[in-house]
Amino acid sequence: LDITDPASVAAAVDEIVNRSGHIDILVNSAAMDPKFDPQHATSNSNAFETYPLGSWQDALNVNLTGPFLVSQAVARQMVKQGRGGKIINIASMLSFQGGIRVPSYTASKSAVMGLTRLMANELAPHRINVNAVAPGYMVTDNTAPLRADTHPLYVNWCEVTITDEATGELLYRNAWATDHPLTESGLHDFVLAARTRWKSENENNNVLKNYGYHLEH
């Protein structure tokens with residue numbers, strides 16, 4: 001399947017329908033950034049002012065045009081079936097905070113968020129539910145160089161935990177990766193956000209709590 005080729009997408013949809021009779025769920029998870037290499041994050045090859053047009057176009061073709069074509073073909077099938085469905089796009093935390101040295105990835109994932117909103121509006125009358133998930137960095141072999149990078153642009157793992165003071169039971173855990181130096185002020189914001197979120201989800205819990213955090217550089 002080539003998600004950037006309308007004919008290939010149409011053939012894949014036809015094959016799925018022929019095999020199973022219908023399509024109920026689509027997850028658009030394919031993505032790429034051809035020039036981003038965390039091991040060379042300080043290289044000018046990824047800087048905005050010198051970023052290659054070819055790399056820009058390649059990433060947008062896969063990350064944005066691909067989900068557009070696949071969603072369009074699947075949505076047509078779902079409308080034809082008349083039984084609704086679900087489409088889930090994979091955006092990114094960079095859809096919101098921009099990032100550094102990943103212009104094509106950031107632009108494409110930001111556009112995925114906008115496309116998701118439009119699709120949700122237009123497809124709602126057909127009972128087709130459209131959402132996007134915007135994950136941060138996952139702990140995988142792919143992101144190991146990024147998480148280990150000590151360059152000041154990538155400091156950047158903060159984990160906040162909340163435990164029961166009496167029992168030590170873990171009540172809440174959340175972690176963030178960020179592409180900005182984690183200053184004392186920034187750390188305060190992260191911890192405050194975690195406390196606020198936990199409190200909003202546990203309004204009636206009066207147990208004394210310990211707040212802790214650790215950083216990985």
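Our structure is the block above this text.
Bear in mind that the values here come from a model prediction, so they are computed numbers and not experimental data.

What counts and what doesn't
Residues numbered from 1 in each chain as written. Predicted model: local features only at pLDDT ≥ 70, side-chain atom pairs only at ≥ 80, totals over all residues. Heavy atoms only, no water. Axes fitted to C-alpha atoms, helices over the stretch in contact; angles between N-to-C directions. Helix = DSSP H or I, 4+ residues; strand = E, 2+ residues; numbered from the N terminus. Left-handed = near helix turned anticlockwise from the far one by under 90°. Contact = heavy atoms within 4.5 Å. Nonpolar A, V, L, I, M, F, W, Y, C, P; charged D, E, K, R; others polar. 1 Å grid on protein atoms, 1.4 Å probe; cavity = no way out; pocket = protein on both sides within 12 Å on 5 of 7 lines; lining within 4 Å. Points joined across faces, edges and corners; volume = space filled by probe spheres on them. Core = buried A, V, L, I, M, F, W, Y, C linked by side-chain atoms within 4.5 Å. Buried < 20%, exposed > 50% of the residue type's maximum accessible area, 1.4 Å probe, protein only. Parallel < 35°, antiparallel > 145°, perpendicular 65-115°, else oblique. Expected span 1.5 Å × (residues − 1).

Two numbers describe how helix H1 (residues 6-20) lies on helix H2 (residues 53-81): the axes approach to 9 Å, and their chain directions differ by 35 degrees. Along this stretch, H1 crosses H2, giving a crossing that reads as right-handed. Residues Pro6, Val9, Val13 and Val17 of H1 lie in contact with H2, whose contacting residues are Leu69, Val70, Ala73, Val74 and Gln77. The residue inventory of the contact of H1 with H2, partitioned by class, reads eight nonpolar, one polar and no charged.

What follows concerns the layout of surface pockets. Computed from the structure, the second largest pocket encloses a volume of approximately 230 Å³. Lining the second largest pocket we find Phe68, Ser71, Gln72, Ala75, Arg76, Val79, Leu115, Leu118, Met119, Glu122 and Leu123. Elements represented by at least two residues in the lining of the second largest pocket include exactly H2 and helix H4 (103-123). The biggest single contributor to the lining of the second largest pocket is H2, with six residues.

Membership of the largest hydrophobic core comes to 19 residues, with the highest contact counts inside it found for Val13, Val74, Ile87 and Leu123. Elements represented by at least two residues in this core include exactly H1, H2, H4 and strand E3 (128-133). At seven residues, H2 tops the list of elements feeding residues into this core.

Before going further, it helps to spend a moment on the packing of H2 against H4. At their nearest, the axes of H2 and H4 sit 8 Å apart, and the two run at 15 degrees to each other. Relative to H4, H2 is oriented roughly parallel. The two elements H2 and H4 cross, and the hand of that crossing is right-handed. Across the interface between the two elements, Ser55, Trp56, Ala59, Leu60, Asn63, Leu64, Phe68, Ser71 and Ala75 of H2 pack against Pro103, Ser104, Tyr105, Ala107, Ser108, Ala111, Val112, Leu115, Met119 and Leu123 of H4.

Counted at 1.5 Å a residue, the expected span for H4 with its 21 residues is 30 Å, and the 30 Å between its end C-alpha atoms agrees. Of the residues making up H4, those classed as buried are Pro103, Ser104, Thr106, Ser108, Lys109, Val112, Met113, Leu115, Thr116, Met119 and Leu123. Packed against the buried residues of H4 are H2, strand E2 (85-90), helix H3 (94-97) and E3.

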